[in-house]
Amino acid sequence: VKEEGKGGYRFFAEDLNISSAHRVRLEAKMRKALQHDSFVLYYQPKQDLKKGKICGMEALIRWPTDEGMVLPGEFIPLAEDTGMINPLGRWILFTALSDTVKASQAIGYPLQVAVNLSMRQFQRPGLSELVAEAIAFSGIEPSQVELEITESMVMDKVDEAIVTMQGLRDLGVQLAIDDFGTGYSSMAYLRNFPVNTLKIDQNFVQDLSTQESNTSIIDAVIGLGCGLGMQVVAEGVETKIQWDYLAKAGCHLGQGYYISHPLALDAFIEWVKTSD
Ligand code: C2E
Ligand code: CA
Ligand code: CA
Ligand code: CA
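On a predicted model such as this, the values are computed, not experimentally measured, just so you know. (Residues numbered from 1 in each chain as written. Chains lettered and ligands numbered in written order. Predicted model: local features only at pLDDT ≥ 70, side-chain atom pairs only at ≥ 80, totals over all residues. Heavy atoms only, no water.)

(A) Main features of the nonpolar core. Counting 80 residues, the largest nonpolar core has Leu97, Leu147 and Leu246 as the members making the most contacts within it. Of the residues forming this core, the biggest block, eleven residues, is contributed by helix 3 (residues 85–107). If we ignore the near neighbours within four places in the chain, the residues touching Leu97 are Val113, Val115, Ala134, Ile135, Ser138, Ile140 and Val145. (Core = buried A, V, L, I, M, F, W, Y, C linked by side-chain atoms within 4.5 Å. Buried < 20%, exposed > 50% of the residue type's maximum accessible area, 1.4 Å probe, protein only. Helix = DSSP H or I, 4+ residues; strand = E, 2+ residues; numbered from the N terminus. Contact = heavy atoms within 4.5 Å.)

(B) Representation of the site of ligand 1 in the model. In the vicinity of ligand 1, 21 residues are found, and the nearest of them are Gln44, Arg62, Asn116, Glu238 and Tyr257. In this structure, Arg62 approaches ligand 1 through a side-chain N or O atom, which is 2.8 Å from an oxygen atom. Protein burial of ligand 1: of its 800 Å² of free accessible surface, 81% is covered by the chains. Mapped by element, the contributors of at least two residues to the shell around ligand 1 are strand 2 (54–65), strand 6 (174–180) and helix 9 (202–206). Taken together, the residues of the shell around ligand 1 break down into eight nonpolar, seven polar and six charged. (Near = heavy atom within 4 Å. Polar contact = N/O pair within 3.5 Å; in protein donor to acceptor, adjacent residues only side chain to side chain. Areas by Shrake-Rupley, 256 points an atom, 1.4 Å probe, with all protein chains shown as cover. Nonpolar A, V, L, I, M, F, W, Y, C, P; charged D, E, K, R; others polar.)

(C) Structural detail: the coordination of the calcium ion (ligand 3). Around the calcium ion (ligand 3), the protein supplies Asp178 (OD), Asp179 (OD), Glu235 (OE) and Glu235 (OE) as donor atoms, at distances of 2.3 to 2.4 Å. Taken in chain order, the donor set of the calcium ion (ligand 3) reads D-D-x55-E. Taken as an interatomic distance, the gap from the calcium ion (ligand 3) to the calcium ion (ligand 2) is 3.8 Å; Asp178 donates to each of them. Within this pair, whereas Asp179 is found in strand 6, its partner Glu235 is found in strand 8 (residues 231–235), the two being separated by 56 residues in sequence. The class for Glu235 is buried, based on a relative accessible area of 8%. (Donors = N, O, S within 2.8 Å, 3.2 Å for Na, K, Ca; no water.)

Next comes the structure, spelled out in structure tokens:
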């Protein structure tokens, strides 16, 4: 490595320049997109596995561009890094809650909307004020709102996180732990979190590929959630085998391509109307 000397260093520096130039460009594009209202939220239905009813949906951000639809994995991490997630997250909250009021009116019963929060949003002072503002602006019932946080967001600073979570619960909104089982939250803590819902990570759902699959992890997570009085949601349900198993195992809600892909608001409303 030493022998590469200056050459190696220069190469690395150029690489850095390319990536930081790309970052700067992408950030500028995002800022513009937000100003021009170019982002959109898609909604993926969540189905009650016992009754078959569609009871809500998760809001998932999309960025339509000339080069096609850009998925959140490509810009949410950068938005987190740069702080853009704050104005963007505000837009997401206001839009998701207003869209849910519209969708609920269109289909004739109240839907519950799950909105993803990022670490930076969760740790920023004033989050519950922001959520309260979005609730007031949209006119939604607080109980229709669920905020999804991850184990790592909670475990980073546990005591502060519990205060933040309690502040949100005091507004009357629901809290879900997303991607459950992939982080490192301990069961001892879980009991102390004011959380309503466990969302089983799709990796565990994917393990249910055949009728002979090992189901011990998924069974344990469902048992844990139910035992703690939580609602259990499975995400990434792609097949009938998975759907049937989860329903039989007592998982409350399912979400995934087997039920529906995420849809634009109008398509989502039409889909719920025709599927119920
Ligand atoms: P997530 O919250 O775990 O969202 C679930 C992801 O799984 C979504 O990807 C969804 O489209 C995808 N998915 C749904 N059903 C299936 C299925 O049956 N099979 C498979 N393989 N995948 C399925 P998406 O929309 O690309 O979002 C990726 C991640 O980006 C999300 O993961 C979330 O962490 C983040 N994200 C999305 N929207 C937002 C947002 O509005 N705010 C924030 N902070 N993060 C967001
Ligand atoms: Ca999520
Ligand atoms: Ca998830
Ligand atoms: Ca995930």
